[in-house]
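Spelled out, the chains give:
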Amino acid sequence: MIKITLFSFQKHKNLHIEEIEKEYIKRLSPFAQVQCVSKKKWSEDKGLPENIRKNAYVVGLYVEGRQYSSPVLAKHLEKLMNTGNSNFVFVIGASEGMPRRVNSQVDEKLSLSKLTFSHQLLRMFLLEAIYRSFDILHGSRYHK
C-alpha cells in the first residue's frame, strides 16, 4: 500500500477546510494510506523528523518548484511508484517559508501555482491533486 504524508509547519485553523480534507483522504483510502501531520513550532535549523522522512520520497512545495498538469503529475507519480517508491512525504512550509534545513532534505520541488496560498488551502489543493492523479491512473471518471 502506498503511504502519503502531508507535513506542514502550521496547525489548521479552518474547520471547513478540514472537512474537505477529510473527504479527499476518504476518497484516497482505496489507493493509499494518507496522514496529515502538523508541527506548530519550528526553527530554521530543524528539518523533518527522521520518522517522517525515513525511506520516503520527499516533495517540498515551493512557489518556484516544477509545475505539472494533472495528467503529467499522475504519470510522474506512477513513474516514481514503478521505480520502487511507496512512501511519499509532501512538505508545506509555514507563513515564514520552508525551514532552511528542509531544503536539503527534499528530493523534488513541486509547485501547484505561482500564486502564494495559505498552508491550509495548499494542503487541500494538494490532496485534491493527489486524488485526481490516482483517479487518472485508475481510469475513473472524476478527472473528466
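Right above here is the structure, for reference.
Everything numeric in this text was worked out from a predicted model, so none of it was measured.

Novice: So what about the nonpolar core? Which residues, and what values?
Specialist: Judged by nonpolar contacts, the single largest core of 26 residues is most densely connected at Ile-4, Leu-28, Phe-90, Leu-126 and Ile-130. Those elements that place two or more of their residues in this core are strand S1 (2-8), helix H1 (15-28), strand S2 (32-38), strand S3 (57-66), helix H3 (70-82), strand S4 (87-92) and helix H5 (119-137). Broken down by element, this core gets its largest block of residues, seven residues, from H5. In this structure Leu-126 touches Leu-6, Leu-61, Phe-90, Ile-92, Leu-110 and Leu-112, once residues within four positions along its chain are discounted.

Novice: Provide a residue-level description of empty space enclosed by the protein, including the pertinent values.
Specialist: Where empty space is left becomes clear once a probe the size of a water molecule has been rolled over the atoms. As enumerated under the stated definition, the model contains two cavities of 30 Å³ or more in all. For the largest cavity, the calculated volume is near 40 Å³. Considering the residues around the largest cavity, the lining is formed by Tyr-57, Val-59, Leu-73, His-76, Leu-77, Leu-80, Phe-90, Glu-108 and Leu-110. Elements with a contribution of two residues or more to the lining of the largest cavity: S3, H3 and strand S5 (108-110). Grouping the amino acids of the lining of the largest cavity by side-chain chemistry returns seven nonpolar, one polar and one charged. If you trace the second largest cavity, you find it lined by Ile-4, Leu-77, Phe-88, Phe-90, Ile-130 and Phe-134.

Novice: Talk me through the environment of Phe-9; I want residue IDs and the actual numbers.
Specialist: On the secondary structure map, Phe-9 appears in the loop between S1 and H1. The residues contacting Phe-9, other than those within four sequence positions of it, are Lys-39, Lys-40, Trp-42, Leu-48, Val-91, Ile-92, Gly-93, Ala-94, Met-98, Pro-99 and Val-102.

Thresholds, definitions, all that
Residues numbered from 1 in each chain as written. Predicted model: local features only at pLDDT ≥ 70, side-chain atom pairs only at ≥ 80, totals over all residues. Heavy atoms only, no water. Core = buried A, V, L, I, M, F, W, Y, C linked by side-chain atoms within 4.5 Å. Buried < 20%, exposed > 50% of the residue type's maximum accessible area, 1.4 Å probe, protein only. Helix = DSSP H or I, 4+ residues; strand = E, 2+ residues; numbered from the N terminus. Contact = heavy atoms within 4.5 Å. 1 Å grid on protein atoms, 1.4 Å probe; cavity = no way out; pocket = protein on both sides within 12 Å on 5 of 7 lines; lining within 4 Å. Points joined across faces, edges and corners; volume = space filled by probe spheres on them. Nonpolar A, V, L, I, M, F, W, Y, C, P; charged D, E, K, R; others polar.

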